[in-house]
Amino acid sequence: MVHLTSVQGPFHARVVVARLGAEGILTELRPPVDGPYPVYRPVDVYVSEEEAEAARELLLADEVEAVLSGVDGVGDGAWEGSPREGSEADGEARDRASRHARPSRQAWILVAAVVVLTVLSFAHVFS
């Protein structure tokens, strides 16, 4: 496992883990955030060496998309010094970010499988 990033607190760590997990990237948090005591220091996110580059690209694409969509008070997505009309590189970054932002077919299959298993387990318990 290699260090991917450090985030502030368990909530943000779980958000990063969920985002990476949606793409099938396994993660590990250090220190563990599920203990009986709250974590008040940065949490380190680790991924396998094989998936590290894909995880970095995914998080970068999410940051680019957040900037372009105006999240975090950026406004209309234009920042100082950037042209209003997107350049070719900006268009490619937007395309890459939107590709990674859409749930993949595998993610939907996983969600459907979890829902089906949950329904079947409740049916088994109540029968």
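Summarised in this report is the structure supplied together with it. Note that the structure is predicted; figures quoted are calculated from it, not measured.

**Focus on the packing of aromatic side chains**
Turning to step 1, where the next piece is worked out: This structure, assessed with the given rule, holds one aromatic pair.
Turning to step 2, where the next piece is worked out: The residue whose ring lies beneath Arg 30 is Tyr 46, and the NZ or CZ to ring-centre distance is 3.9 Å.

**Describing the sheet that holds strand 2 (residues 27–30)**
Turning to step 1, where the next piece is worked out: Read across the open sheet, the three strands follow the order 1-3-2; overall the sheet is antiparallel. On the outer flanks of this sheet lie strand 1 (2–8) and strand 2, each paired with one strand and no other. Along the sheet, successive strands turn relative to each other by an average axial angle of 30°, direction set aside.
Turning to step 2, where the next piece is worked out: Each of strand 1, strand 2 and strand 3 (42–47) is contacted by helix 1 (residues 9–22), which is oriented at about 135° to strand 1, the strand it contacts most.
Turning to step 3, where the next piece is worked out: Taken strand by strand, helix 2 (residues 52–69) contacts strand 1 and strand 3, and its axis lies near 30° from that of strand 1.

**Here we look at the packing of helix 1 against helix 2**
A packed helix pair is summarised by two numbers, namely the angle formed by the two axes and the spacing between the axes.
Turning to step 1, where the next piece is worked out: Look at helix 1 against helix 2: their axes get within 11 Å of each other, and the N-to-C directions meet at 115°. By the angle class used here, helix 1 and helix 2 are roughly perpendicular. The interaxial crossing formed by helix 1 with helix 2 has right-handed handedness. Note on element contacts: helix 2 touches helix 1 through Ala 55, Leu 58, Leu 59 and Asp 62, opposite Val 16, Arg 19 and Leu 20.

**With respect to the pattern of salt bridges**
Turning to step 1, where the next piece is worked out: Throughout the structure, instances matching the rule amount to three salt bridges.
Turning to step 2, where the next piece is worked out: A salt bridge links Arg 19 to Glu 23; its shortest N-O distance comes to 3.4 Å.
Turning to step 3, where the next piece is worked out: Relative accessible area serves as the criterion here: at 31%, Glu 23 is assigned to the partly exposed category.
Turning to step 4, where the next piece is worked out: The salt bridge involving Asp 62 is made with Arg 19; its shortest N-O contact spans 2.8 Å.

Analysis parameters
- Residues numbered from 1 in each chain as written.
- Predicted model: local features only at pLDDT ≥ 70, side-chain atom pairs only at ≥ 80, totals over all residues.
- Heavy atoms only, no water.
- Phe/Tyr/Trp six-rings, centres within 6.5 Å; stacked < 30°, edge-to-face > 60°.
- Lys NZ or Arg CZ within 6 Å of the ring centre and 35° of its normal.
- Pairing = 2+ DSSP bridges.
- Helix = DSSP H or I, 4+ residues; strand = E, 2+ residues; numbered from the N terminus.
- Axes fitted to C-alpha atoms, helices over the stretch in contact; angles between N-to-C directions.
- Contact = heavy atoms within 4.5 Å.
- Parallel < 35°, antiparallel > 145°, perpendicular 65-115°, else oblique.
- Left-handed = near helix turned anticlockwise from the far one by under 90°.
- Salt bridge = Lys/Arg side-chain N within 4 Å of Asp/Glu carboxyl O.
- Buried < 20%, exposed > 50% of the residue type's maximum accessible area, 1.4 Å probe, protein only.

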